[in-house]
Amino acid sequence: MVELSVCIGSSCHIKGSYNVIQTFQEMIEENNLHDKVDFKGTFCMKRCDKPGVSVAIDNESFNIDPAQARTFFKENVLPKIK
C-alpha cells in the first residue's frame, strides 16, 4: 500500500492544499485505488519555505503546485502502485 500525505498546516492551506486533496481524492476514486492508497492529511511537514503544497509519498517529500496535482498523481503515485 502506498502512503500518500498532504500537508494541511497553515502555510500549505494558504497555498492550496484543499485543492490538492480534492484532486487526489478524485484520482483515487477514478482509478479505484481505495485499497491501494493510504491517503491522509498531516500537519506541518517542515517545508514551508518551499513554493507549493507539501506532499509525501512513502516518506519521500515533494512540494507541488495545486494546478499540477493531477499530473503529479499520474507521474508519481500511479507508478508506485502498478
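Draft legend 1. Representation of the packing of aromatic side chains. All chains considered together, the criterion is met by 4 aromatic pairs. Their ring planes at 65 degrees and their centres at 6.0 Å tell us that Phe24 and Phe39 sit as a pair that is edge-to-face. In this pair, Phe24 is assigned in helix H2 (residues 17-30) and Phe39 in strand S2 (residues 37-42), connecting sequence segments 15 residues apart. A relative accessible area of 0% means that Phe24 is categorised as buried. Ring centres of Phe62 and Phe72 lie 5.1 Å apart, and the angle between their planes is 75 degrees; on these two criteria the pair is classed as edge-to-face. Here the residue Phe62 occupies a position in strand S4 (residues 60-64), and Phe72 occupies one in helix H3 (residues 69-81), the gap between them amounting to 10 residues. By the burial criterion, Phe62 is buried, and Phe72 matches it.

Draft legend 2. Inspection of the environment of Phe62 at higher detail. Residue classification places Phe62 among the buried positions, given a relative accessible area of 18%. Taking the C-alpha atoms as reference points, Phe62 and Asn76, separated by 14 residues in sequence, lie 10 Å from one another. Excluding residues within four positions of it along the chain, Phe62 makes contact with Arg47, Val53, Ser54, Val55, Ile57, Phe72 and Asn76.

Basis of the calculations
Residues numbered from 1 in each chain as written. Predicted model: local features only at pLDDT ≥ 70, side-chain atom pairs only at ≥ 80, totals over all residues. Heavy atoms only, no water. Phe/Tyr/Trp six-rings, centres within 6.5 Å; stacked < 30°, edge-to-face > 60°. Helix = DSSP H or I, 4+ residues; strand = E, 2+ residues; numbered from the N terminus. Buried < 20%, exposed > 50% of the residue type's maximum accessible area, 1.4 Å probe, protein only. Contact = heavy atoms within 4.5 Å.

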